[in-house]
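# Structure at a glance
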Amino acid sequence: MASSGEDMTNDDDAPPTATEGAGDAHLLGFSDEILLHILSHVPSTDLVLNVRRTCRKLATLCLDKSLVHTVLLQKDYQASEDKVKQLVKAIGQEIQQLNLAGCYWLSGSTVEHVARCRSLVKVNLSGCHLTSLRLSKMLSALQHLRSLAIDVNPGFDASQLSSECKATLSRVQELKQTLFTPSYGVVPCCASLQKLLLYFEILDRTREGAVLSGQLMVGQSNVPHYQNLRIFYARLAPGHINQEVVRLYLAVLSDRTPENLHAFLISVPGSFAESGATKNLLDSMARNVALDALQLPKSWLNGSSLLQHMKFSSPFYFSFSRCTLSVGHLIQRVINGGKDLRSLASLNLSGCVHCLSSDPLLHKAEDDIDSTILEMLVTSCCNLRHLNLSAAHHHSSEGLGRHLCQLLARLCHLRSLSLPVCSVADSAPRPDRAPAQPAMHAVPRGFGKKVRIGVQAWPSPFLSQAAPQPSSVFWSLMKSLRFLGHLELIGSNFSSAMPRNEPAIRNSLPPCSRAQNVGDSEVAAIGQLAFLRHLTLAQLPGILTGSGLVSIGLQCQQLQSLSLANLGMMGKVVYLPALSDMLAHCRRLKDLRLEQPYFSANAQFFQALSQCSSLQRLCLVARSGTLQPDAVLAFMARCLHVVVCHMFTGESLTTCRSLQQSLLRSFQAERPALNVVIFPLLHEGLTDVIRDVPMTHLDEITLFKSRVAEEPPNLW
């Protein structure tokens, strides 16, 4: 369906095209239902501005209600200012749901055109440039709006909102606010709220170094309206001020807990001390509501009897990330004493180091788990779709059928899974087994040579060594979970060198000894996942050549995002040839995050990466690593869809700045969404650089984190 530059001013008088006359021999011979399904995968801007103008039939189909009622511009990086304006002009009156989340490249004046979409019921403007006055003007025209997502930036002033705007806000039932400054935002105007999602991204200091205070909120004339609230969610970035501000939101909840509240979730990194108000809130919740979803700060749960008093009604999401959850709490409350819990769809036990241990007080990291506890969990929560067991040492004993992988294989509905690397090892290291670490210094013959892209870099006997072994418990697990779409294998001691509001991490803990038993064969077993879309592999010291990556590239043709960190030995990157061969097959890969000390981002790497024709975002984190500026420029010239290029290496500040300026000068004009950050990883100014990265990229690719069961399914 090639686009045409001619405007269809009178489609009725236009003669049938050659394609139309050919009938069933061409694509247009399909039924309207099939064509509509195909067209639903075409970006809205291309659909309305190009495809619609090709012929009479497509002109009608492209304006079908199923296609124009919902318009998704999120991650449509080719949606320029002019295209968005034309789109709104063409179908603005028909749009009921509009997603502009993360469209940071659009100016405020362009975003203001949303006011023309007067039928809007739901709009997502997170990440867009909006002032208080522009927001007021837009919302004043959207009388049917019921769902709103916005950012609250420094300078926001609720007193600038007009009475018409406040009338619209009074009818809004779902609100998502990302706060970059201490403020209630528009919450006091939303008297009908049923769902409130809050993302706190406030920095403790301004760019000039002034200390901020959450008490800036005090004195606002109105307080939030929570009486109809059903879902309350708050996610905090690191920083004391974020905790100060969220307490003010919670204080209102503590006075009167909404009767219909069924999901209460607070995600806080680190410790978050209880206060009198939060204790009253939790006591009130335990008495008056039955929850379907729960997540609390670890300090609120650790050592308390809170879970014993909470009531649950058909729960679908639990997160106890980083809590010292005892086996008693897990069995009695989370899995309901072994009773039926088939409603639970998502469970996050990340960092719960004692949850699978029979005696938490005496449990050590190298000890085995109690398989009976895990078996009870699997039996009770048989319909789990998302499970996170990362950031802990979950070691299995030698007993037949008691291995963690063998038990998890029963969860046939799993779609996303996060495991610590040591948990998938067949057994503990034996005294008679040679240690794996010294072998990692051996580089296979020919690996130092330049690799020709598209040519096999090693003989077939070497590839056969990476073939998954049928006797491996991890191989069997991958075979059982054929429909898994998201897999994470993360070392239990792994921590990323990329900081969040703090200096870069210079030291890291050594990997678990059992992780040495997980190598290329286990990685190759992942190739059985034909529907895999997202893969994370972090801190696998047993990787010798990376040959298992080739199996994934060949067989996982749906792969869209790949995150690799600290594979094999740290002093020398021996898996680069295998990675190069893997990338040659990743035609649908959109996101690549690579974190590896001493990594050399050279011409060989970028030549291989250039074959990923769908690539959009690249993030490279390499402590003491290097890069070749000419190779980066050539790569960006070949890969026309790349809009994010983040590289944090050991190069000098002068080299980094020069390359960043060259990339922006060469490609900014033709790529409106281009975001380039080239900076020394260990430079003291990294924190200030990070704060300028658009939140959509910072959260999704720049920072490393486990994403399985991070939030409830379909939260927004």
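Everything numeric here is computed off the predicted structure, so don't read it as measured data. (Residues numbered from 1 in each chain as written. Predicted model: local features only at pLDDT ≥ 70, side-chain atom pairs only at ≥ 80, totals over all residues. Heavy atoms only, no water.)

## Points about the overall build of the protein chain
Let me state the cut-off plainly: Counting from the N terminus, the helices are the DSSP runs of H or I reaching at least four residues and the strands are the DSSP runs of E reaching at least two. Accessible area is worked out with a 1.4 Å probe on protein chains only. A residue is then buried under 20% of its type maximum, exposed over 50%, and partly exposed in between. Whether two residues are in contact is decided by their heavy atoms, any of which lying within 4.5 Å being enough. Here, Shrake-Rupley sampling with a 1.4 Å probe gives the accessible areas, and only protein chains in the shown set may cover a residue.
Assigned secondary structure in the protein chain consists of 26 helices and 22 strands. Every one of the 716 residues in the protein chain was classed for burial, and the buried ones make up 53%. The contacts of the protein chain with a sequence gap of at least 6 include a subset with a gap of at least 24, amounting to 78%. Summed over all atoms, the accessible surface of the protein chain reaches about 29,800 Å², with 50% contributed by carbon and sulfur.

## Considerations on unusual backbone geometry
Of note in this structure, Arg322 is not a glycine but carries a positive phi near 70°. Here Arg322 lies in the loop between strand E10 (311-319) and helix H14 (327-334). Given the relative accessible area of 49%, Arg322 is considered partly exposed. Its identity is not glycine, yet Tyr598 carries a phi of approximately 65°, on the positive side.

## A look at the pairing of strand E15 (residues 534-540)
We count it as follows: A strand pair is defined by DSSP finding two or more bridges across the two strands. When the strands point away from the viewer, a crossover counts as right-handed if the route from the first strand across the helix to the second turns clockwise.
Most of E15 sits inside the fold, with six of its seven residues counted as buried. The sheet contact formed by strand E14 (residues 486-490) and E15 spans five bridges and is parallel. Of the residues in E15, the one forming a bridge with Glu488 is Thr536. Pairing between E15 and strand E16 (residues 561-567): six bridges, direction parallel. The residue bridging Leu540 from the neighbouring strand is Leu567, located in E16. Following the chain from E15 across helix H20 (residues 547-555) to the adjacent parallel E16, one finds a crossover that is right-handed.

## Overview of the side chain of Ser547
The criterion, for reference: Polar contacts here mean pairs of N or O atoms no more than 3.5 Å apart (in protein, one a potential hydrogen donor and the other a potential acceptor; neighbouring residues in sequence count only if both atoms are side-chain atoms).
As for its placement among the helices and strands, Ser547 is situated in helix H20. Among the residues examined, Ser547 registers a relative accessible area of 2% and is labelled buried. Separated by 3.2 Å, the side chains of Ser547 and Thr545 make a polar contact.

## A short note on the nonpolar core
Our working definition: Only buried residues count toward a nonpolar core. Its members are Ala, Val, Leu, Ile, Met, Phe, Trp, Tyr and Cys residues joined through side-chain atoms within 4.5 Å.
Counting residues in hydrophobic clusters, the biggest one holds 183 residues, and the most contacted among them are Phe232, Phe264, Leu408, Ile526 and Phe605. Here this core gets seven residues from one element, more than from any other, and that element is helix H10 (residues 240-255). For Leu408, the contacting residues outside a window of four places in its chain are Leu374, Val378, Leu387, Leu389, Leu417, Leu419, Leu477 and Leu481. Residues Cys619, Val621, Ile690 and Leu698 belong to the second largest nonpolar core, which totals 14 residues.

## Examining the layout of surface pockets
Rules: Points on a 1 Å grid, built from protein atoms alone, make a cavity when a 1.4 Å probe fits but cannot get out and make a pocket when they are open with protein on both sides within 12 Å along at least 5 of 7 lines; residues with an atom within 4 Å of a point are the lining residues. Grid points are joined across faces, edges and corners, and a volume is the space filled by probe spheres set on the points. Residue classes follow a fixed rule: Ala, Val, Leu, Ile, Met, Phe, Trp, Tyr, Cys and Pro count as nonpolar, while Asp, Glu, Lys and Arg count as charged, and any other residue, Gly among them, counts as polar.
Size it by volume and the second largest pocket reaches roughly 1,400 Å³. In terms of lining, the second largest pocket is formed by 46 residues, of which the most central are Pro269, Arg322, Phe704, Lys705 and Ser706. Where the lining of the second largest pocket is concerned, the elements lending two or more residues are strand E7 (231-236), strand E8 (263-267) and E10. Of the residues belonging to the lining of the second largest pocket, the class tally is 21 nonpolar, 16 polar and nine charged.

## What to know about the packing of aromatic side chains
Quick note on the threshold: Each aromatic pair joins two rings of Phe, Tyr and Trp (for Trp, the six-membered one) with centres within 6.5 Å, and gets the label stacked for planes under 30 degrees apart, edge-to-face for over 60, and tilted for any other angle.
A complete count under the given rule lists 15 aromatic pairs for this structure. On the basis of an interplanar angle of 20° and a centroid distance of 5.6 Å, the ring pair of Phe232 and Phe264 is categorised as stacked. Within this pair, whereas Phe232 is found in strand E7, its partner Phe264 is found in strand E8, the two being separated by 32 residues in sequence. Measuring from ring centre to ring centre gives 4.9 Å for Phe312 and Phe318, while their planes differ by 75°; the resulting arrangement is edge-to-face. For Phe312, a relative accessible area of 22% gives the class partly exposed. For Phe318, a relative accessible area of 1% gives the class buried.

## Brief notes about the confidence of the model for the protein chain
Close inspection of predicted coordinates is inappropriate for parts of the model with low pLDDT. Applicable threshold: Within a predicted model, pLDDT stands for the predictor's per-residue confidence, ranging from 0 to 100.
With 87% of its residues at a pLDDT of 70 or more, the protein chain has an overall mean of 87. Per-residue pLDDT stays below 50 along residues 1-25; that stretch engages in 34 contacts with residues further than four places along the chain or on separate chains.

## Focus on the side chain of Asn99
By secondary structure assignment, the location of Asn99 is in strand E2 (residues 97-99). Since its relative accessible area comes to 15%, Asn99 is described here as buried. In terms of polar contacts, Asn99 uses its side chain to reach the backbone amide nitrogen of Ala101, at 2.9 Å. Sequence-distant contacts of Asn99, defined by excluding residues within four places in its chain, comprise Val71, Leu72, Leu73, Gln74 and Asn124.

## Overview of the pairing of strand E19 (residues 617-621)
Within E19, five of the five residues are buried, which leaves it mostly tucked inside the rest of the structure. What you see with E19 is no split at all: Arg617, Cys619 and Val621 on one side and Leu618 and Leu620 on the other are buried throughout. Here E19 runs beside strand E21 (residues 644-649); their pairing, made up of five bridges, is parallel. Bridging across to E21, Arg617 finds its partner in Val644.

## Considerations on the pattern of salt bridges
The test is simple: For this analysis, a salt bridge means a side-chain nitrogen from Lys or Arg found within 4 Å of a carboxyl oxygen belonging to Asp or Glu.
A full pass over the atoms with the stated rule returns 16 salt bridges. Among the charged side chains, a network of salt bridges with common partners joins Arg235, Asp699, Lys705, Glu710 and Glu711.

## Description of H20
Most of H20 sits inside the fold, with seven of its nine residues counted as buried. Taken together, the buried positions of H20 are Ser547, Gly548, Leu549, Val550, Ser551, Ile552 and Gly553.

## Comments concerning H10
To keep it simple, the criterion reads: The span you would expect from a helix comes to 1.5 Å times its residue count less one. Throughout, bend refers to the angle between the axes fitted to the seven residues that end at a position and the seven residues that start at it.
Taking 1.5 Å as the rise per residue, H10 with 16 residues should run 22 Å; its terminal C-alpha atoms sit 24 Å apart, in good agreement. Where H10 bends most, the angle comes to about 25°, and this point is Tyr249. Within the sequence span of H10, burial applies to Ile241, Asn242, Gln243, Val245, Val246, Tyr249, Leu250, Val252, Leu253 and Ser254. If you follow the buried residues of H10, they end up packed against strand E5 (174-179), strand E6 (195-200), E7, E8, helix H11 (276-288) and helix H12 (298-301).

## Some details on a nonpolar patch on the surface
Rules: Residues enter patches when their relative accessible area tops 30% and they take part in no salt bridge; the joining distance is 9 Å for like charges and 5 Å for the nonpolar side chains Val, Leu, Ile, Met, Phe, Trp and Tyr.
A cluster of nonpolar side chains, Leu27, Phe30, Ile34 and Ile38, forms an exposed patch at the surface whose accessible area comes to about 300 Å². Inspection of the secondary structure assignment puts Leu27 in the loop between helix H1 (18-22) and helix H2 (32-39).

## A few points about the state of the cysteines
Rule in force here: When two cysteine sulfur atoms are found within 2.5 Å, that pair is recorded as a disulfide.
One pass over the full model with this rule turns up zero disulfides. The structure places no disulfide on Cys62, whose sulfur is separated from the nearest cysteine sulfur, that of Cys55, by 8.3 Å.

## Focus on the packing of H20 against helix H21 (residues 576-583)
Between two packed helices, both the angle of their axes relative to each other and the distance between the axes serve to describe the pair. Defined as follows: To obtain each axis, a line is fitted to C-alpha atoms, and for helices this fit is confined to the stretch in contact; angles are then taken between N-to-C directions over 0 to 180 degrees. Here roughly perpendicular refers to angles of 65 to 115 degrees, roughly parallel to angles under 35, roughly antiparallel to angles over 145, and oblique to all remaining angles.
Interhelical geometry of H20 versus H21 gives an angle of 5° and a closest axis separation of 8 Å. The orientation of H20 with respect to H21, classified from their angle, is roughly parallel. Along the contact surface, H20 presents Ser547, Leu549, Val550, Ile552 and Gly553, while H21 presents Ala578, Leu579, Asp581 and Met582. Residues that form the contact of H20 with H21 fall into these classes: six nonpolar, two polar and one charged.

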